[in-house]
Structure formats: C-alpha cells, structure tokens
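Here is how the chains run, residue by residue.
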Protein chains: 2
Amino acid sequence: MSRFIEIVEVGPRDGLQNEKTTLTPAQRVEFIQRLEAAGARRTETVSFVNPARVPQMAGAEEVCAALPADAARSRIGLVLNMRGWDRAVSTGCDEANVVVCASDAFGVRNQGATTAEQMATLAAVAGRRAAEGGPRLSVTFSVAFGCPFEGEVDPARVIDLVREAALLPLDEIALADTIGAADPWGVRRLVEACRAVAQDKRLRLHFHDTRNTGLANAFAGVEAGVDVLDASCGGLGGCPFAPNATGNIGTEDLVYMLERAGFETGYDLPALISTAEWVCGLLGKTPTASVTRAGLFPMPA
Amino acid sequence: MSRFIEIVEVGPRDGLQNEKTTLTPAQRVEFIQRLEAAGARRTETVSFVNPARVPQMAGAEEVCAALPADAARSRIGLVLNMRGWDRAVSTGCDEANVVVCASDAFGVRNQGATTAEQMATLAAVAGRRAAEGGPRLSVTFSVAFGCPFEGEVDPARVIDLVREAALLPLDEIALADTIGAADPWGVRRLVEACRAVAQDKRLRLHFHDTRNTGLANAFAGVEAGVDVLDASCGGLGGCPFAPNATGNIGTEDLVYMLERAGFETGYDLPALISTAEWVCGLLGKTPTASVTRAGLFPMPA
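Residues numbered from 1 in each chain as written. Chains lettered and ligands numbered in written order. Predicted model: local features only at pLDDT ≥ 70, side-chain atom pairs only at ≥ 80, totals over all residues. Heavy atoms only, no water.

In this section: the overall build of chain A. What chain A contains, in helices and strands, is twelve helices and eight strands. Against the 2.2 N^0.38 benchmark of 19 Å for 301 residues, chain A shows a C-alpha radius of gyration of 18 Å, consistent with a compact globule. The C-alpha extent of chain A, read off along each of the three principal axes, is 55 × 40 × 40 Å. When each of the 301 residues of chain A is scored for burial, the buried share is 61%. (Helix = DSSP H or I, 4+ residues; strand = E, 2+ residues; numbered from the N terminus. Rg over C-alpha atoms; globule rule 2.2 N^0.38 Å. Buried < 20%, exposed > 50% of the residue type's maximum accessible area, 1.4 Å probe, protein only.)

What follows deals with the sheet that holds strand E2 (residues 42–47) of chain B. Residues and elements named next belong to chain B. With respect to topology, eight strands assemble into a closed barrel ordered E1-E2-E3-E4-E5-E6-E7-E8, the strand pairing being parallel. The average undirected angle you get between the axes of adjacent strands in this sheet is 30°. Where E2 meets strand E3 (residues 74–79), five bridges bridge the pair, whose relative direction is parallel. Residue pairing across strands places serine 47 opposite leucine 78, the latter belonging to E3. Sitting on the sheet, helix H4 (residues 82–91) is in contact with E3, strand E4 (95–101) and strand E5 (136–142), with an inclination near 160° to E3. (Pairing = 2+ DSSP bridges. Axes fitted to C-alpha atoms, helices over the stretch in contact; angles between N-to-C directions. Contact = heavy atoms within 4.5 Å.)

This paragraph deals with the interface of chain A and chain B. Facing 49 residues of chain A, the contacting portion of chain B comprises 48 residues. Both faces combined, the contact of chain A with chain B buries some 4000 Å², and carbon together with sulfur accounts for 60% of it. Scanning the region where chain A abuts chain B turns up four salt bridges. Here Arg260(B) makes a salt bridge to Glu152(A), at a shortest N to O gap of 2.6 Å. Seen at the junction of chain A and chain B, the total is 18 residue pairs in polar contact (both at pLDDT 80 or more). Considering each element in turn, the side of chain A that touches chain B owes the most residues, six residues, to helix H9 (residues 214–223) of chain A. Looking at the side of chain A that touches chain B residue by residue, the class counts come to 29 nonpolar, ten polar and ten charged. (Buried area = accessible area lost by both parts, 1.4 Å probe. Salt bridge = Lys/Arg side-chain N within 4 Å of Asp/Glu carboxyl O. Polar contact = N/O pair within 3.5 Å; in protein donor to acceptor, adjacent residues only side chain to side chain. Nonpolar A, V, L, I, M, F, W, Y, C, P; charged D, E, K, R; others polar.)

Our focus in this paragraph is the UniProt feature "domain: Pyruvate carboxyltransferase" (unreviewed entry) in chain A. As annotated in UniProt, the feature "domain: Pyruvate carboxyltransferase" (unreviewed entry) corresponds to residues 5–273 of chain A in the numbering used here. With 42% helix and 17% strand, residues 5–273 of chain A has its two end C-alpha atoms placed 19 Å apart. (UniProt positions renumbered as here; feature names shortened; annotations may be inferred.)

The next thing to look at is the packing of H9(A) against helix H9 (residues 214–223) of chain B. Put simply, H9(A) and H9(B) touch, their axes get as near as 6 Å, and they point 50° apart. For the element pair H9(A) / H9(B), the angle class is oblique. In this structure, H9(A) crosses over H9(B), and the sense of that crossing is right-handed. Contact residues: H9(A) offers Leu215(A), Ala216(A), Phe219(A) and Ala220(A), while H9(B) offers Leu215(B), Ala216(B), Phe219(B) and Ala220(B). Class assignment of the residues belonging to the contact of H9(A) with H9(B) gives a composition of eight nonpolar, no polar and no charged. (Parallel < 35°, antiparallel > 145°, perpendicular 65-115°, else oblique. Left-handed = near helix turned anticlockwise from the far one by under 90°.)

Residues and elements named next belong to chain A. Where burial is concerned, most of strand E5 (residues 136–142) is hidden: six out of the seven residues are buried. The sheet contact formed by strand E4 (residues 95–101) and E5 spans seven bridges and is parallel. Bridged to glutamate 95 within E5 is arginine 136. Crossover connection from E5 via helix H7 (residues 155–166) to parallel strand E6 (residues 172–177): handedness right-handed. (Right-handed = clockwise from strand over helix to strand, strands pointing away.)

Turning to the side chain of Glu95(A), a few remarks are in order. Inspection of the secondary structure assignment puts Glu95(A) in strand E4. If we ignore the near neighbours within four places in the chain, the residues touching Glu95(A) are Arg42(A), Ser74(A), Arg75(A), Ile76(A), Gly77(A), Pro135(A) and Arg136(A).

Now for the side chain of Arg75(A). Residues and elements named next belong to chain A. With respect to the element layout, arginine 75 can be found in strand E3 (residues 74–79). Here the side chain of arginine 75 touches glutamate 36 through a polar contact of 2.7 Å, side chain to side chain. Setting aside anything within four residues of it in sequence, one finds arginine 75 in contact with Glu36, Thr43, Thr45, Leu67, Pro68, Ala69, Asp70, Cys93, Asp94 and Glu95.

All names here are of chain B. On inspection of all chains with the given rule, the structure shows 47 salt bridges over all chains. A salt bridge links arginine 157 to aspartate 104, with the nearest nitrogen and oxygen atoms 3.5 Å apart. One end of the pair, arginine 157, is in helix H7 (residues 155–166); the other, aspartate 104, is in helix H5 (residues 104–111), and 53 residues separate them in sequence. Take aspartate 104: its relative accessible area is 30%, and that puts it in the partly exposed class.

The subject of this paragraph is the packing of aromatic side chains. Taken as a whole and judged by the stated rule, the model has eleven aromatic pairs over all chains. With a centroid separation of 5.7 Å and an interplanar angle of 75°, the aromatic rings of Phe219(A) and Phe219(B) are classed as edge-to-face. Taken as a pair, Phe219(A) in helix H9 and Phe219(B) in helix H9 lie in two separate chains rather than in one. For the pair shown, Phe219(A) and Phe219(B) are each scored as buried. Cluster of aromatic residues (ring-pair linked, three or more members): Trp185(A), Phe219(A), Phe263(A), Trp185(B), Phe219(B) and Phe263(B). (Phe/Tyr/Trp six-rings, centres within 6.5 Å; stacked < 30°, edge-to-face > 60°.)

So, on to the sheet that holds E6(A). Residues and elements named next belong to chain A. A barrel is described by the order of its strands in space; here eight strands give the closed sequence E1-E2-E3-E4-E5-E6-E7-E8, paired in parallel fashion. On average, each strand axis in the sheet is inclined to that of its neighbour by 30°, with strand direction left out of account. Relative to E6, E5 runs parallel, the two sharing four bridges. Bridge pairing in E6 links threonine 140 to alanine 174. Packing against the sheet, helix H10 (residues 251–260) makes contact with strand E1 (6–9) and strand E8 (228–231), and its axis sits at approximately 175° to E1.

All right, on to the relation of the copies chain A and chain B then. It takes a turn of 180° to lay chain A on chain B, together with a shift of 0.0 Å along the axis; the resulting RMSD is 0.0 Å. Those values place the two copies in the arrangement expected of a two-fold rotation axis. Taking C-alpha positions as the reference, the residue of chain A nearest the rotation axis is Ala216(A), at 1.8 Å. A share of 98% of interface residues in chain A that are also interface residues in chain B marks the association as one of identical surfaces. (Least-squares fit on C-alpha atoms with pLDDT ≥ 70 in both.)

The next point concerns helix H2 (residues 25–37) of chain A. Residues and elements named next belong to chain A. Between the first and last C-alpha of H2 there are 18 Å, a value that for 13 residues agrees with the 18 Å anticipated at 1.5 Å per step. Of the positions making up H2, those classed as buried are Pro25, Arg28, Val29, Phe31, Ile32, Leu35 and Glu36. Mapping the buried residues of H2 onto a view down its axis gives an arc of 160°, with all of them on the same face. In H2, the exposed residues that point more than 90 degrees away from the buried face are Ala26 and Ala37. Of the surrounding secondary structure, the elements contacted by the buried residues of H2 are E1, helix H1 (11–17), strand E2 (42–47), helix H3 (60–65), E3 and helix H11 (269–283). (Expected span 1.5 Å × (residues − 1). Arc of directions from axis to C-beta.)

Residue and element names in this part refer to chain A. Relative orientation of the contacting elements H9 and H10 amounts to 45°, with a least axis distance of 11 Å. Looking at the two axes, H9 sits oblique to H10. Classified by chirality, the crossing of H10 by H9 is right-handed. On H10, the residues touching Leu215, Ala218, Phe219 and Val222 of H9 are Asp253, Leu254, Met257 and Leu258. Taken together, the residues of the contact of H9 with H10 sort by class into seven nonpolar, no polar and one charged.

Rendered as structure tokens:
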C-alpha cells in the first residue's frame, strides 16, 4: 500500500479570505460541498473572527448550519480567542485551529497580540477543551519561515513554540510559511528539529507559493516525514504583503505531484479541477494553480 | 565555501522560441548582455535551425557576431544536424547543444527523425568534433520525463540513451522535462540511475514549470548531486502542448530558492529581476516567474 498524504483544503477560508471578491455564505457552502465531493476530507470552512474586520468570512454560523455532520469529513474553524472557541463549540465544528504568530511584529499587526499573549490564549483554549470537551484542536504557527516586518524568524524561536505547544492538550501543530519565503532545505531542517520536540503531536505544513517554492517545500516536508499538508483549490488566496503574488499552494498541483509519484490523497483530480474552474469563475479570476491551467498529463495528442 | 550551482540561462533560446512576440536579433543581443551583466555565465544564445520554421530564432549569425568572445562567458547554440554544427563552428559559439528526443513520436513530429536517427546525428557531430575540433558539446534528451504523444517514457529507455551518449566524446548530458510532467521523486530516481551509467559526463537538468513541479524537481536534482540546471529569465517560454501553461522554471525563482538556502549561483538577483521586467515589457507580457511578481524577501514593511 502506498503512503497516504492528508491534504487539508484551505480554499474556503485562507483562500477566500485573501480574495478581493466576497462570496456569499451560500456560495461558500456550495464550494465546500464541491470540494468534499472531489475528495476533501478535512476542510477549513469558516473563521470565527469579527465579520466587520474580515467581511469575506461573514456568516460562519450560517455556513456551519448548512453542512450536516458527516463522519467522513472534518470541518475546521479558525479561532483567535476564547469567543471564537465558544463559537466553534456552539456551531458543532469538528476542529478548531488556533493561529499563533511566530513573530511579535506580525502578531501585533495582525491579531493585536504578541506571540506570548497568543500562546496564553492557546493554553486557555486547550485548558477549556480539556475540562469541558469540544472540537479537536490544532495550532498553526504563522510566519514560521519569515516575517514581512521582522525578516528572518529565528528557527530556535519556532522550535521553542512547538516544544511549548506540545505540552498542551491539543492534537496537531502546523508550521506555516505565511508569506511564501521558505526554501526546501530550511523546511527540512525546521521539520526535523520540531519533530524532536513535538512529542506525540502530529505535524502539519502550510505553504504559500509566493516565490514558487511551495511544492518544493511540500516535497521536502513529505520527505522529512510529514503526512499532513494544507493546500487551496485553484491556488486561491494571495499575499497582502505582495499584491501581485499568488496564494496558497494549489490543491490540484499538490495532488498532481503526489499522485504522479504514487502517493494516495483520496482526491478525484478532474473533479478538483472543475471545482477550481467553478470557484474562479465566481471570483472572476484565472486559477493560479498550474495544473488547472495546463491540464493533466498524459495529455491528448 | 558553499556549493556552487551553475545555472544555464535558456531565456534567449528556449524561452523566446516559445513566445508569440518575435524579438529582433538586436533586442536578443541586448537581452543576452543584460543577462550576462546580471551574472549569467552560460547562456543559450542562438538556435541553428531553419529561420523559416522558427522565425523567433532568425539571425543566429548576427547575434553571435554581436557578442565578442569573453573567457568568463559561454554562449551555447542549439544544433539539430550537421549543418547546424557547421554554423556553430563558423560563428565561434563556445558550446553546441544537440537535442535528442527520448520518444520517437516526439522526435518525428518535432525534428523529423526517430530517436535512433537523432542519436546517429549526435554520434556524427561528436565524431566530427573529435576529428576537427570545435565548440564544447552537450546533448539534451528532451521529453525524458513524459511525452505529449506517447505519455509515459520508460525510464529504462532514457537510461539506455544516457549510457550510449556517455560513450561518445562529449562533455555533458542533460535530461529535459520538456512538457513539465515530472515529479521530484521520479527525478531523483532517474538522476541516480543515469549517474550510474554516465561515466565521467556531467549531468544537467532542464525543467518546465507547466504543472508547478519545476522547483521541486530542481531541489530533488540538486539533492541527487546535479550541479547544473537550466532556467529562463522571467519564466519565459511556454508549452506548445498546453496553451495556457507557463514555461521554463524562472531563473529568478531558482536563484532565490538556492541562495536563500545558502548556495552560490553568481547571480545578482535584483539585476536579474530588472532584466526579466525589461524583456517581458518588450514581449508585452507579465513575467511568470514568481519572484519577479512578488518581490524579494525580506520585504520592506
């Protein structure tokens, strides 16, 4: 049996959140349903943030209500504070993902809190969950491979954060290259170092293709033993710090690379491409994911 | 000292040959000069083919004459037959690169000859060179990772071609993913197998980013011990078999990935980006190379 790589589909959240066009909650529900029909098993569906600040993510409760529980699917909600956690619990989300910024400058500008303050929130959420139950819990360390304000982020700082998070009652720890600055050699080094301190926690990786290194970084991560990767259908999203840049690595591209090499992902690639074309049609943009633009291989003569 | 990775700049040939807009020989000369000022040490400058068939490459003699010999630079001309070799000799090219198609279907459609017939041409050119002298000689095996007509190309076939080429008096053997179908695991396997039969010949890799796997494949190749990679400034080029696809891997992207990881390439990245913007301005297109679109890291706040 070949190795299974789990892809967390982040198009409906990290993707759409960084698009100029805002989809309605009903459109987002259809997007999620199409993704799940194409094979998505874990999907970032909503963000429990203030809709006045992130209008693209308004209507989280409406989206959750429209998605009946499905034992074969996991829907993930983004959580930045205890109020977000309460919403994740009350909507019946399967998973909550807390984001902690690996640099203070990014944390203060994006979430109004330093890294230490965000770690305290994470600990409080994990404690509440341990006491009262609730969705599965993961943490994503953003800007783990570089910060648009501070520049290099010391790997030792990220390793310390992972060590600290691994002591909390949570399920998974993700390292995110939020601005697409990483190179695959650095990814391998950081994954190996984090693996050594992450105890029994699963590691996940989140790459942006801003500088075209996203799939190289994914390859390096898989080779370093990581089995869970984020990707965004159509390559949706972008980078607020690089206006002409592309977004998350495209799910089609990641599925293509992995399945061509013999890994299993559970995705139906033609259905995924159709979904990318459909959602990019709604957004009025050309898919940035290369496989959707170029087509599959082998190609018809 | 960090490891030096040699990048062969193919924008002026493989890049421009696949662009809709045709540049004049004078514009191509300026492009080459700008590339060399930005650090290019080996550059595909011309193609000795019939200008009626490939108008983008017309004026090879004019381009060569405008580039005075420079001991620190090597200019490469594409050669498909003995007439092309004679032109490479008479223009004083530093290197000639013979292309041999790894699949018969691609060979017949693109060069009017089967793989075996092209190998015979290669042997004849290598023999002439051994007898009479001339430019350094390399061979590129195109569609080595997949053919748009035949689909999969058996790695055993490519390995046999490399073994056969390694017996000839030539300097370097390149494997080309002409249609951008390769995955990095496959690259690693094929490089390792070819290394075992390539004797003292240097290996070079040529990737297209058609399905976004180009830099992952480059990373895999470097990790497998290859020190020479082709790339195209601005990500120029395209894929005649996938009209909406991108072209060769962008030199900026490759330089960014390698230098971020501590390798040396000899390139001045800001100058390279300026060159990409300049040539894409001439072509009336947006650069497809991501680094030129997104900008360098660390970015200004």
